[in-house]
Amino acid sequence: MSADRIVAEVAKNDLPQARLGWTMALVQTLIYGTFVGTFIVSPATMTRPLAPGMAVTVGTVGGLAAILSTMVLTGLYVLLANRLTAR
Amino acid sequence: MPRSILATLLLLGATAPALAGDSGGGGLNAAAIGMFVGIVLVTLGITYWAARRAHSADQFYAAGGQISGFQNGIALAGDMISAGALLGLAGLICSSGFDGLIFAVGYATGLPFVVFLVAERLRKLGRYTVADVLATRLSETPIRIFTAIATLIIVMFYLIAQMVGAGQLIRLLFGLDYLYAQILVGALMICYVMFGGMVATTWVQIVKAALLLTAGVAITLLVLARFGFDYDSLVARAIAVHPKHAAIMMPQVYSGSVWQSISLGMTLMLGAAGLPHVLMRFFTVPDTRAARVSVFWAVMCQSGFFALIFVIGFGALAIVGGDPAYLDPKGGIRGGGNMATVHLSHALGGDTLMGLVSAVAFATILAVVAGLTLTGASAVSHDLYARILGRGRASERSEIRASRLATVALGVLSVLLGIAFQTQNVAYMISLAYAVSCSSTLPLLILALYWGGLTTRGAIAGGVTGLVGAVLLTVLGPPVWVKVLGNAAPIFPLDPPTIVTMPLAFLTAFVVSVLDRRPASASVMSPAV
């Protein structure tokens, strides 16, 4: 089998998975982009205390949430991709 | 000021020249020396064990594809958490607050991209190096030469920066002279890679990652315990201690132009996705499913660690930043920002914990330089020697010999350059490695994996444009033009230049491929080996 055919084969076989990959990448970009973008567009939102009298800011929680989202999204991706390839 | 932070932080020893003669670190401490010797013995033991297995090319480059998904995941997390992340982030939080968290978030979001888009296809198409993957559908000779050169550029800049940082750090931690530290690190990394290949490199990385996560969790729990497990009172104390108080909750890195902020954000997120020593990890697992499992564990460990930085960083500021015993007369961290985590561990757990953290930092340096050396050696021996010079007919024995020679050559070269650059500002080298990675290897890989229209000419044109653009704009930008050459203002304002060079590389590759009517000559060449 020629190299081109191998590539074509790979591409055809995991088309649904590629779609899943790009969707996840997009979601991750949106989450990270929101975190960075809010700091650029509206710093006051991010430096506001989470609740009156607290030292922890909205940005701190947002940053932690962005990090946790990488775990959730990766877990979800692995789960879905395993199902796709099992079929 | 903010422009320099990427470089400063990525490089663990960026504060170096200022530190000369100031042994403000831990100095000699029995626990640290004991664990330091322990690490050296354990890693040499691993190398001895691996050396008996690393006789084939497959073993040397890819550990025979026998690393399990879980093990590879831990090693991959180890690759992502450099000494800069362990020591530099907390130091940055001590000096300028929230900036350190911006970097933690940026780094954490990089690996998922590799997971979603690159890891599995890479494993499916490649065998030893990234060039293997590109050569499956592009004309082999030009694409291998280009990829090998890009790999060597990234590896060398990264390696020199690590070596210089390592020399300074080891002197601070263990009181060892810079010159001896260079030779020691160089000798150990040559030893791991030359005798143990990818097997030893992976296990050194696994040992380091396990130690790193243990130390990270221990410090986090001890910091939280100090504040009655109340995160808010920890942050409140950190804000009270820092001279700028509540202002530290606004990142300084975003005080520049919007383009600057976006370019930095892109580089943090995507820089790691194109680093060849990270990508090479996916060839060590048996199949695509294992590749997927490995990235799952890698993201768990890596993101978990970056989440701990939210406690460790503010903890360092709250505890160390408020204790004159750890500060120099000017109010800065004694020994420089990289010592913040080390001082924090001393404040929390005395000499024992400090010894552990120092040893972990040392292991981190060793593991990262070993991975880089192996990747550089593979580019030379597999891509350039066996596939190009030998036209794929070089014997396995001679290929392995070439890789060992390349390992020694790269190791000696990096020690010599580490010594030559001792007093130079080498922070730009990390900026450069990340910018080249984002602007050349990553675009080529994404296009090759997902766009059937990519031609060899398009790939080379795009890759060269990205590479030259990244180098040129870094030289004309703040990291070299201002900080190294001493000019007042940069010719190109952004550091890193990714926002310009990465789209440019994609666009060039696309336009040239479309104009290049001739189909890729892939069908007349043999599948990549």
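Residues numbered from 1 in each chain as written. Chains lettered and ligands numbered in written order. Predicted model: local features only at pLDDT ≥ 70, side-chain atom pairs only at ≥ 80, totals over all residues.

Novice: Is there a simple way to think about the overall build of chain A in this case?
Specialist: A tally of helices and strands in chain A yields four helices and zero strands. What you see in chain A, going N to C, is helices and strands ordered as α-α-α-α. A total of 87 residues make up chain A; the buried ones form 29% of that total. Long-range contacts, defined here as pairs at least 24 residues apart, represent 47% of the contacts in chain A between residues at least 6 apart. (Helix = DSSP H or I, 4+ residues; strand = E, 2+ residues; numbered from the N terminus. Buried ≥ 20, exposed ≤ 12 C-beta atoms within 10 Å, placed from the backbone. Contact = placed C-beta atoms within 7 Å.)

Novice: Quick question: what am I supposed to make of the overall build of chain B here?
Specialist: Looking only at helices and strands, one finds 21 helices and zero strands in chain B. Here the C-alpha radius of gyration of chain B, 22 Å, is about what a compact globule of 529 residues would show, namely 24 Å. Counting only C-alpha atoms and orienting by the principal axes, one finds that chain B spans roughly 70 × 50 × 40 Å. Sorting the 529 residues of chain B into buried and exposed places 66% on the buried side. In chain B, 84% of the contacts between residues at least 6 apart in sequence involve partners at least 24 apart. (Rg over C-alpha atoms; globule rule 2.2 N^0.38 Å.)

Novice: Please clarify how the environment of S303(B) should be interpreted in this entry.
Specialist: Within the secondary structure, S303(B) sits in helix α15 (residues 288-320). Under the C-beta neighbour-count criterion, S303(B) is labelled buried, with 27 such atoms within 10 Å. For the pair formed by S303(B) and P112(B), sequence separation is 191 residues and the distance between their alpha carbons is 9.9 Å. When near neighbours in sequence (up to four residues on either side) are disregarded, S303(B) contacts I67(A), T70(A), M71(A) and A108(B).

Novice: I would appreciate a short explanation of the packing of helix α3 (residues 30-51) of chain B against helix α11 (residues 178-226) of chain B in the present structure.
Specialist: Between two packed helices, what matters for the description is the angle formed by their axes and the separation of those axes. Residue and element names in this part refer to chain B. Their axes nearest at 8 Å, the elements α3 and α11 cross at an angle of 105°. Judged by the angle between their axes, α3 and α11 are roughly perpendicular. Side by side, α3 and α11 meet where V40, V42, T43, L44, I46, T47, A50 and A51 of the first sit next to L188, C191, Y192, F195, G196, G197, V199, A200, W203, V204 and V207 of the second. Residues that form the contact of α3 with α11 fall into these classes: 15 nonpolar, four polar and no charged. (Axes fitted to C-alpha atoms, helices over the stretch in contact; angles between N-to-C directions. Parallel < 35°, antiparallel > 145°, perpendicular 65-115°, else oblique. Nonpolar A, V, L, I, M, F, W, Y, C, P; charged D, E, K, R; others polar.)

Novice: Would you take a moment to explain the interface of chain B and chain A for this structure?
Specialist: In many reports, interface size means the accessible area that the parts give up when they come together. Chain B puts 42 residues into the contact, and the matching count from chain A is 38 residues. If you list the elements that add at least two residues to the side of chain B that touches chain A, you get α7 (99-108), α8 (110-125), α12 (231-241), α13 (258-270) and α15 of chain B. Ranked by residue count, the leading element in the side of chain B that touches chain A is α15(B), at ten residues. Within the side of chain B that touches chain A, the residues separate by chemical class into 30 nonpolar, six polar and six charged.

Novice: Any chance you could explain helix α16 (residues 340-389) of chain B here in plain terms?
Specialist: All names here are of chain B. In a regular helix each residue adds 1.5 Å, so 50 residues correspond to 74 Å; α16 covers only 49 Å between its end C-alpha atoms and thus falls short of that length. Taking the largest bend as the criterion, α16 deviates by roughly 140°, centred on G349. In terms of burial, α16 is largely enclosed, as 44 of its 50 residues are buried. Two residues or fewer after α16 comes R391, characterised by a positive phi angle close to 50°. (Expected span 1.5 Å × (residues − 1). Bend = angle between axes of the 7 residues up to and from the residue.)

Novice: I keep staring at unusual backbone geometry and nothing clicks. Help me out?
Specialist: Peptide bonds are trans in most cases, and residues, glycine excluded, mostly fall at negative phi. All names here are of chain B. With an omega of 0°, the peptide bond between D495 and P496 qualifies as cis. Tracing the chain through its elements places P496 in the loop between α20 (478-482) and α21 (498-515). Positioned with a positive phi, A63 is a non-glycine residue whose angle comes to about 50°. By the element assignment, A63 lies in the loop between α4 (57-62) and α5 (69-80). The class for A63 is buried, based on 27 C-beta atoms found within 10 Å. The backbone phi angle of H245 is positive, close to 50°, even though this residue is not glycine.

Novice: Please clarify how the confidence of the model for chain B should be interpreted in this entry.
Specialist: Fine structural detail should not be taken from predicted coordinates in areas where pLDDT scores are low. All names here are of chain B. Residues of chain B with pLDDT of at least 70 account for 92%, and the chain-wide mean is 86. Averaged pLDDT values over the elements of chain B bottom out at 36 in helix α2 (residues 16-19) and peak at 95 in α12. Counting interchain partners and residues more than four positions distant, the pLDDT-below-50 stretch residues 1-26 has 79 contacts. Taken together, the stretch residues 520-529 has pLDDT below 50 and engages in 24 contacts with residues farther than four places along the chain or on a different chain. Of the two predicted TM-score estimates for the complex, the pTM is 0.87 and the ipTM is 0.89. (pLDDT = per-residue confidence, 0-100.)

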